[in-house]
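As a plain string of letters, each chain reads:
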Amino acid sequence: MVGTETAVDLDRFGSRRSVVYGNDGIIATSQPLAATAGIEILREGGNAFDAAVATAATLNVVEPTSTGLGGDAFMLYRTADGDVGAMRSCGGAPADATIENVRAILAEEQECAPEDVTYPLTGPHTVTVPGTARGWETTVETFGRRSLAEVLRPAIEYAEQGYPVTEFVAQKWTHAETLFEDQNARETFLLDGRSPRVGEVIRLPDLGDSLRTIASEGADVVYEGSIADAIVDEVREKGGLLSTDDLASFEPEFVDPVSTTYGGAEIYELPPNNQGLVALEALNIAEELGVGELPAQSPRRTHYLVEALKLAFHDGHHYITDPEYEDVPPLASKQYASERAATVGEAAATNVSIGVPESNAEDADTVLLTVADGDGNVVTFINSLFKGFGSGLVAGDTGIALQNRGRSFSLDPEHPNRLEPGKRPFHTLIPALVRFGADDWAAFGVMGGFMQPQGHLQVLSNVLDCQDSLQTALDAPRWRYRESGVLSVEARMTDDLLAKLARRGHDVQVRPPEEFGGGQFARYQSGVLSGATDPRKDGTVGCY
């Protein structure tokens, strides 16, 4: 069976960790306390959906650098009954946010002509309607066994009682020292003007109060109540256009996933406005190029994977946008992949554009969690503020950092992701599912802006082509194609491989491991649960 875990041959075992197994619940995510929170909910009778929200909410507290109530949330799932689906809880631009209006405001702020403005990376004009709170509530009410108040309890406790900051999060937190000019943000996330140190206990009481309010009043308080007022006041006081009507009109939606087959498995991704089609097109091109028949560490295999990804990036980031505003072609078509694969040669293609270069989306970060329970529910859930701590704004005394996802818009009226009122921005976030067999499903994903589809391609190829275990597939050294045309690689790749890639025309540069994303796996395989997590973060797998 494709991807089946087998007994480990210790003589050839190359992973830094082993795959984790459990009977009734498995959770893989980037922070140990969050995984423990989800397992606690499972032990109390919740299912994978309850545990996913409990884990996501706790990540909001213990990894606030990357996620929060002021961001968006997405989910892919396979229920115990066999249903496969997706939830998109992603808000759009303010109703008044036309290109003309934003250019005029920025021109005044920057003291320049409207055509010369620079779209800022942070600040009020990057804030879009946050989808997280209603996404959490919708997930629990639609699929869960526990109330929203019950699944928020662990997050509330950590916010109020405090927790020690882990190594990876502490390093990311230092960004806040220069980002936060807003006084609300500095009071919420800094200690006398500095970020917390490794192992230092931090409390987030304002965020705890907001979580308690949501637990008692429901998510509506974020969209029509006191928290909504605080969000709008914060944005408008700073010169932004977000209104109470923008928040009140928001609702999550359930959408059909997009999928393709590769190596005997079926892979499901989120449709536009997310970049899931990039991963699927790359897999299809790699299949056409015969990647699965090439040796695991061969230069040709890596070269073909990189070239497949470059073509998929070029197409996806040209066409993918909010489908309510513009049609998106079927980029996951096998026939189209055949046409694109025919353009791949033995030398590296010239640089390709990926997205809106000045948006800095390629280095964004997020949190991803994967859950499976003993009943066969399998969930992959992703929650983000886009760049570290988002827009740099915190809504009043709520403790809620607001995302800067709107920076994925372009002020170029000809760009497919041009800013338009109510439009949802291009989203990097792509949780994924894999069906290995009739009763064999895995939730997975790789975090990190434009690293996400690149990680999906490499990790799936490792599992399906190389027959790696889930953990070995995550541990394997990665490459990352960047907007600049550089092919970043991890130092653990062999010198021989790197030299041969360079001879093929790739601009190879060795980079540190934190630039290559963080992946998670949770698998339900005929009643047996297993999980794996990425060593590039503070990740852990919780199970029972």
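Residues numbered from 1 in each chain as written. Predicted model: local features only at pLDDT ≥ 70, side-chain atom pairs only at ≥ 80, totals over all residues. Heavy atoms only, no water.

J.: Which residues make up the nonpolar core, and what values do they have?
T.: Residues V61, W136, L152, W173, L211 and F381 are the most contacted members of the largest nonpolar core, which totals 77 residues. It is helix 2 (residues 48-62) that provides the largest number of residues to this core, a total of eleven residues. Membership of the second largest hydrophobic core comes to 55 residues, among which are V344, V459, V463 and L498. (Core = buried A, V, L, I, M, F, W, Y, C linked by side-chain atoms within 4.5 Å. Buried < 20%, exposed > 50% of the residue type's maximum accessible area, 1.4 Å probe, protein only. Helix = DSSP H or I, 4+ residues; strand = E, 2+ residues; numbered from the N terminus.)

J.: Could you give an account of the packing of aromatic side chains, with specific residues and numbers?
T.: Here the structure, examined in full by the defined rule, presents 14 aromatic pairs. The interplanar angle of 65 degrees and the centroid separation of 5.8 Å between the aromatic rings of W173 and F389 together place this pair among those described as edge-to-face. Of this pair, W173 sits in helix 6 (residues 167-173) while F389 sits in the loop between strand 11 (378-384) and strand 12 (432-437); the two residues are 216 residues apart in sequence, bridging distant segments of the chain. The class of W173 is buried, set by a relative accessible area of 0%. Judged by relative accessible area, F389 falls into the buried class, the value being 0%. One aromatic cluster in this structure is built from F49, Y77, F143 and F254. (Phe/Tyr/Trp six-rings, centres within 6.5 Å; stacked < 30°, edge-to-face > 60°.)

J.: Residue-level account of the packing of helix 4 (residues 132-143) against helix 5 (residues 148-161), with values.
T.: The interhelical angle for the contact between helix 4 and helix 5, taken along N-to-C directions, is 125 degrees, at an axis separation of 9 Å. Accordingly, the angle class assigned to the pair helix 4 and helix 5 is oblique. Residues W136, E137 and V140 of helix 4 pack against L148, V151 and L152 of helix 5. For the contact of helix 4 with helix 5, the class distribution of residues is five nonpolar, no polar and one charged. (Axes fitted to C-alpha atoms, helices over the stretch in contact; angles between N-to-C directions. Parallel < 35°, antiparallel > 145°, perpendicular 65-115°, else oblique. Contact = heavy atoms within 4.5 Å. Nonpolar A, V, L, I, M, F, W, Y, C, P; charged D, E, K, R; others polar.)

J.: With reference to specific residues and values, describe unusual backbone geometry.
T.: Outside of glycine, negative phi angles account for most residues, and trans bonds account for most peptide bonds. That bond from P272 to N273 is cis: its omega, 25 degrees, falls within 30 degrees of zero. By secondary structure assignment, the location of N273 is in the loop between strand 9 (265-269) and helix 13 (276-288). If you check the backbone angles, D192 has positive phi at about 55 degrees while not being a glycine. Topologically, D192 is positioned in the loop between helix 8 (183-189) and strand 6 (201-202). Accessibility expressed as a relative area gives 85% for D192, which makes it exposed. Residues other than glycine seldom take positive phi values, yet F386 does so here, at roughly 80 degrees. F386 sits in the buried class, given a relative accessible area of 0%.

J.: Which residues make up the pairing of strand 17 (residues 519-525), and what are the values?
T.: Burial analysis of strand 17 places seven of its seven residues in the buried class, which makes it a mostly covered element. In strand 17, alternate side chains face the same way, and those of G519, F521, R523 and Q525 on one face and Q520, A522 and Y524 on the other are all buried. Where strand 13 (residues 440-446) and strand 17 come together, seven bridges link them in antiparallel fashion. Paired with A442 across the bridge in strand 17 is R523. Across six bridges, the pairing between strand 17 and strand 18 (residues 528-533) is antiparallel. Looking at strand 18, one finds that F521 is bridged to A532. Linking two consecutive strands that pair antiparallel, namely strand 17 and strand 18, is a turn of two residues; a positive phi of about 50 degrees is found at S526 within it. (Pairing = 2+ DSSP bridges.)

J.: Explain the side chain of R478 to me, and be specific about the residues and the numbers.
T.: By secondary structure assignment, the location of R478 is in the loop between helix 17 (470-475) and strand 14 (479-481). Within the structure, the side chain of R478 is placed 2.7 Å from the backbone oxygen of F516, a separation counted as a polar contact. (Polar contact = N/O pair within 3.5 Å; in protein donor to acceptor, adjacent residues only side chain to side chain.)

J.: With reference to specific residues and values, describe the pattern of salt bridges.
T.: Within this structure, the stated rule accounts for 34 salt bridges. A salt bridge links R504 to E346; the nearest nitrogen and oxygen atoms lie 2.9 Å apart. In this pair, R504 is assigned in the loop between helix 18 (495-503) and strand 16 (507-511) and E346 in the loop between helix 15 (334-341) and strand 10 (367-373), connecting sequence segments 158 residues apart. In this structure, R482 and E515 form a salt bridge, with 3.8 Å as the shortest nitrogen-oxygen distance. With R482 in the loop between strand 14 and strand 15 (486-490) and E515 in the loop between strand 16 and strand 17, this residue pair connects regions lying 33 residues apart in the sequence. Residue classification places E515 among the buried residues on the basis of a relative accessible area of 18%. The network of salt bridges with common partners includes R88, E253, D322, E324 and R424. (Salt bridge = Lys/Arg side-chain N within 4 Å of Asp/Glu carboxyl O.)

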